[in-house]
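Observations on the model geometry
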Amino acid sequence: MPRITLIEFNGNEHVIEAEVGQTLMQNAMDNMVPGIDADCGGACACGTCHCYIEGAASAATGEVNALEESMLGMRPDREANSRLSCQIDVNDDMDGIVVRLPEYQM
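The model shown is predicted, which means the values in this text are computed figures rather than measured ones.

1. Considerations on the side chain of Asn27
By secondary structure assignment, the location of Asn27 is in helix H1 (residues 24-30). Apart from residues lying up to four places away in sequence, Asn27 is in contact with Ile16, Glu17, Ala18, Glu19, Gln22 and Val90.

2. What about the pattern of salt bridges?
All chains considered together, the criterion is met by 5 salt bridges. Between Glu68 and Arg83 there is a salt bridge; the shortest N-O distance is 2.7 Å. Taken together, the residues span a long stretch of sequence, with Glu68 in helix H2 (residues 66-72) and Arg83 in strand E4 (residues 82-84) at a distance of 15 residues. By relative accessible area, Glu68 is classed as buried at 0%. On the accessibility criterion, Arg83 (5% relative accessible area) is buried. The residue Glu69 makes a salt bridge to Arg78 at a minimum N-O spacing of 2.8 Å. Judged by relative accessible area, which is 30%, Arg78 ranks as partly exposed.

3. What to know about unusual backbone geometry
One non-glycine residue with positive phi stands out, namely Met32, at about 55°. A residue is classified by how much of its surface remains accessible, and Met32, at 71% relative accessible area, is exposed. Of note in this structure, Cys44 is not a glycine but carries a positive phi near 55°. Turning to its location among the elements, Cys44 is positioned in the loop between H1 and strand E3 (50-53).

About the thresholds
- Residues numbered from 1 in each chain as written.
- Predicted model: local features only at pLDDT ≥ 70, side-chain atom pairs only at ≥ 80, totals over all residues.
- Heavy atoms only, no water.
- Helix = DSSP H or I, 4+ residues; strand = E, 2+ residues; numbered from the N terminus.
- Contact = heavy atoms within 4.5 Å.
- Salt bridge = Lys/Arg side-chain N within 4 Å of Asp/Glu carboxyl O.
- Buried < 20%, exposed > 50% of the residue type's maximum accessible area, 1.4 Å probe, protein only.

Take a look at the structure:
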């Protein structure tokens, strides 16, 4: 199981043992990490599971598809490393990545 560090906007860190094959969003919710609202339940229809993938780890998270790109386009706090955690399937290559959470979810 890859270990993933999620950091809330206030600096609180949560290191989780993530289940491969589940989304990053589901893993965060299963581990009760605050800061991912996931209002649409992972359907890529709301953008409330927005996160920032730090460093070179973004390669392990896969490519942004057109639907995710559309949802990210509605985020006023979007950065180059922005992703929707519902669109990231956890894999073994993600061991050790750091994910930052935004100040608020929309």
